[in-house]
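Understanding the architecture of this molecule
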Amino acid sequence: MLTNAPRGTKDILPDTVGEWNYVESKIRELCGRYGFEEIRTPVFEHTELFHRGIGEGTDVVDKEMYTFKDRGDRSITLRPENTASAVRAYLQNKLYGDSSLVKLFYIGSMFRYDRPQAGRMREFHQFGVEALGEENPMVDAEVIMVAIDFLRSLGLKDLKLSLNSVGCPHCRPKYREVLQDYFRDKLDDLCDDCKDRFERSPLRILDCKADADKPYMADAPKITDCLCDECQEHFHKVQQYLTDAGIEFELDPRLVRGLDYYTKTAFEIKYAPLGAQSAVAGGGRYDGLIEEIGGKPTPAVGFATGLERVLLALEKQNLLPEMDKKTDAYVVALGDAAQGPAFKLLTQLRQAGLKAGMDYAGRSMKAQMKQANKANARFALIIGEDEVKESCVMLKDMEKSEQQKVSFDTIIEKLCAEVKG
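The protein is annotated in an unreviewed UniProt entry as Histidine--tRNA ligase from Selenomonas ruminis. The UniProt entry for the protein carries this comment under Sequence similarities (unreviewed entry): "Belongs to the class-II aminoacyl-tRNA synthetase family."

Attention now goes to the packing of aromatic side chains. Under the counting rule described, the total for this entry stands at six aromatic pairs. Geometrically, the ring pair formed by F127 and F303 is edge-to-face, given 5.5 Å between the ring centres and 85° between the ring planes. Remark: F303 occurs in strand β11 (residues 300–306) and F127 occurs in strand β6 (residues 123–132); sequence separation between them is 176 residues. Residue classification places F303 among the buried positions, given a relative accessible area of 3%. An angle of 75° between the planes, with centres 6.4 Å apart, marks the rings of F183 and Y216 as edge-to-face. Highlighted residues: F183 in helix α6 (residues 172–183) and Y216 in the loop between α7 (192–200) and α8 (229–244), separated in sequence by 33 residues. You'll find F183 and Y216 in the same group, each marked buried. Taken together through their ring pairs, the aromatic side chains of F127, F150 and F303 make up a single cluster. Cation over ring: R122 sits above Y113, and NZ or CZ is 4.0 Å from the ring centre. Taking the ring centre of Y182 as reference, the NZ or CZ of K186 above it sits at 4.0 Å.

On to the pattern of salt bridges, then. Inspection of every chain in the model, using the stated rule, returns 29 salt bridges. The partner of E48 in a salt bridge is R52, and the shortest N-O contact between them spans 3.6 Å. Of this pair, E48 and R52 both sit in helix α2 (residues 47–54), separated by four residues, roughly a single helical turn. Take R52: its relative accessible area is 36%, and that puts it in the partly exposed class. Linked through salt bridges whose partners overlap, the residues forming this network are E24, R28, E38 and R40.

In this structure, D73 takes a positive phi of about 65° despite not being glycine. Tracing the sequence through the fold places D73 in the loop between β3 (67–69) and β4 (75–78). Located in the positive-phi region is S391, a residue other than glycine, with phi close to 55°. For S391, the position within the fold is in the loop between α13 (385–390) and β15 (392–397).

With that settled, consider the environment of G53. Relative to the assigned elements, G53 resides in helix α2. Between the C-alpha atoms of G53 and R28, which are 25 residues apart in sequence, the distance is 27 Å. Ignoring any residue separated from it by four or fewer positions in sequence, one finds G53 in contact with E48, Y261 and L289.

Take the sheet that holds strand β16 (residues 402–407) next. The pairing of strands in a sheet happens through backbone hydrogen bonds and is either parallel or antiparallel. Read from one edge of the open sheet, five strands run β13-β12-β14-β15-β16, paired in mixed fashion. Edge positions in the sheet fall to β13 (356–358) and β16, since each has one partner strand and no second. Shown here is a sheet whose adjacent strand axes are inclined to one another by a mean of 25°, direction ignored. Along the sheet face, helix α11 (residues 336–351) touches β12 (327–333), β13, β14 (377–383) and β15 and points at about 160° away from the line of β13.

So, on to the domain arrangement of the protein. Split into domains, the protein comes out as domain 1 (16–168 + 228–317) and domain 2 (327–415). For domain 1 and domain 2, the distance between their C-alpha centroids amounts to 50 Å.

This part takes up the state of the cysteines. Counted under the stated rule, the structure contains zero disulfides. With no disulfide of its own, C171 has C231 as its nearest cysteine by sulfur position, at a separation of 3.8 Å.

As a further point, take the packing of helix α1 (residues 14–34) against helix α5 (residues 137–153). The description of two helices packed together rests on the angle between their axes and the distance between the axes. Between α1 and α5, the least distance of the axes is 10 Å, while the angle of their chain directions is 145°. Taken as a pair, α1 and α5 cross one another with a handedness that is right-handed. Note on element contacts: α5 touches α1 through E142, M145, V146, D149, F150 and S153, opposite Y22, V23, K26, I27, L30 and Y34. Taken together, the residues that form the contact of α1 with α5 break down as eight nonpolar, one polar and three charged.

Further remarks concern the UniProt feature "binding site: L-histidine" (unreviewed entry) in the protein. Under the UniProt annotation, "binding site: L-histidine" (unreviewed entry) lies at E81, N82, T83, R112, Q126, E130, R257, Y261 and Y262. Among the secondary structure elements, Y262 is positioned in the loop between β8 (250–251) and β9 (263–271).

Right, let's get into the pairing of β12. With respect to burial, β12 is a largely interior element, seven of its seven residues being buried. Pairing of β12 with β14 involves six bridges; the strand directions are parallel. Bridge pairing in β14 places T327 opposite A377. Bridging between β12 and β13 involves three bridges; their strand directions are parallel. What sits directly across from Y330, in β13, is G357. In the classification by handedness, the crossover that spans β12, the intervening α11 and the parallel β13 is right-handed.

Moving on to the sheet that holds β4. Read from one edge to the other, the open sheet built from three strands follows the order β2-β4-β3, with strand pairing classed as antiparallel. Bordering the open sheet on either side are β2 (44–46) and β3, each of which pairs with just one other strand. Taken over all neighbouring pairs, the strand axes of this sheet differ in orientation by 35° on average, direction set aside. In this sheet, β4 lies alongside β2 in antiparallel orientation, the contact comprising three bridges. Bridge pairing in β4 links E45 to T77. Strands β2, β3 and β4 of the sheet are contacted by α2, whose axis makes an angle of about 80° with β2.

What counts, and at which threshold
- Here the residue numbers are simple positions, counted from 1 along each chain's written sequence.
- Local features are withheld for residues below a pLDDT of 70 in this predicted model, meaning they are given only at 70 or higher, and side-chain atom pairs are given and counted only at 80 or more; totals for whole chains, interfaces and linings count all residues.
- Side-chain descriptors were evaluated using all non-hydrogen atoms of the structure, hydrogens and water having been removed beforehand.
- UniProt positions are given in the numbering used here, feature names are shortened, and annotations may be inferred rather than shown by experiment.
- Each Phe, Tyr or Trp ring, with Trp reduced to its six-membered ring, pairs with another whose centre is within 6.5 Å; inter-plane angles below 30 degrees give stacked pairs, above 60 give edge-to-face pairs, and intermediate values give tilted ones.
- Going along the chain from the N terminus, every DSSP run of H or I of four or more residues is numbered as a helix, and every run of E of two or more is numbered as a strand.
- For each residue, the accessible area found with a 1.4 Å probe, counting protein chains only, is set against the maximum for its type, and the residue is called buried under 20%, exposed over 50%, and partly exposed in between.
- Our definition puts a charge over a ring when NZ of Lys or CZ of Arg is within 6 Å of the ring centre and also within 35 degrees of the ring normal.
- Note on definitions: salt bridges are taken to be side-chain nitrogens of Lys or Arg within 4 Å of carboxyl oxygens of Asp or Glu.
- By definition in these notes, contact holds between two residues if any of their heavy atoms fall within 4.5 Å.
- For two strands to be treated as a pair, DSSP must find no fewer than two bridges joining them.
- All axes here are fitted lines through C-alpha atoms, helices being fitted over the stretch that makes contact, and every angle between N-to-C directions spans 0 to 180 degrees.
- Segmentation of the chain into domains, including their bounds, is taken from an automatic or database domain assignment.
- Put simply, a disulfide is two cysteine sulfurs that come within 2.5 Å.
- For a crossing to be left-handed, the near helix must be turned anticlockwise from the far one by less than a right angle; the clockwise case is right-handed.
- Any residue outside Ala, Val, Leu, Ile, Met, Phe, Trp, Tyr, Cys, Pro, Asp, Glu, Lys and Arg is labelled polar, Gly included; the first ten of those are nonpolar and the last four are charged.
- Classification remark: right-handed applies to a crossover when, strands pointing away from the viewer, the course from the first strand over the helix to the second runs clockwise.

Structure (structure tokens):
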């Protein structure tokens, strides 16, 4: 064995690809109903995009990015998330010229250097949506509803939606000062990361896993007490629209998300049966990101969900459907004289839209019929020297154990009628 797959990566093998296709088909159907269009961005970007977009002082930028120099001595990073990339594509390709509201969705690989565990890999896959160009809180509610509808469409129940507002550049500085005043005499007790965050990004202290259970964390000042009138009104309307749509939620003043670009609405969806790693989707509004990357001030809101985490939840709850691995027809060729006619028939079956297979090793009839059973073939088409001379095929119905001779001229039409109804 030359090598193994790098730690934190995983092959998606043929026996599970169908599950991924099932989830992705749900995504595309749902996004079509909501009017979101698919975008595919490069797997790597210039590192500066994520430094400016995600923000210094975040765990993603400081600890988790896969960054390297290319042959032109440019700093390149494998995308750790896709919002910054989608915004870059929105600006570079002038998508804002098509409509005041641009609605995008994506499915793809992301990369973060983290400790691999169930549902969390170093190469992982995300589905996400971005709604760019509209500040109406109704769009916030719609984006949250896409996330909820997606998870519900897969059969997941008991979803818990947590909601918060993280303010805006007008009111967040005040909250920043209040937080620093609160944590100043607790600095010695905070972890090293939070000590570093104290000056650079004090809101990140609320998002710390290491200090989360310390008694004074629960009494930390709430950002909702510092919101300006505009943010208060926006947050109130988001809650009202969700209530009108029948979406239950709970307010969580400690929910700040892990990325610096969020403004106003922040949300997270948890699925309790997953245990400690129960978060399956999260997002919020990021009205300052497009300007930070170099565009005009533009409101935007979005979310992302990890597909490995979603598939893990579906597996735990036995919600993955049985994959259809049936073959319509399996051609059994007996003897050298049958090889050519059998391969021609195999080609005609596939051209007619049927799922067909054949044994190429020239094995015995017993071995080939065993292979037909393994392929879950509905019909076996047996061709030997006699069938070649008579220009016919022995058609065996594998479900009924019945067989009959059918001419080469009519076999395709007959099989299409049987299989396609």
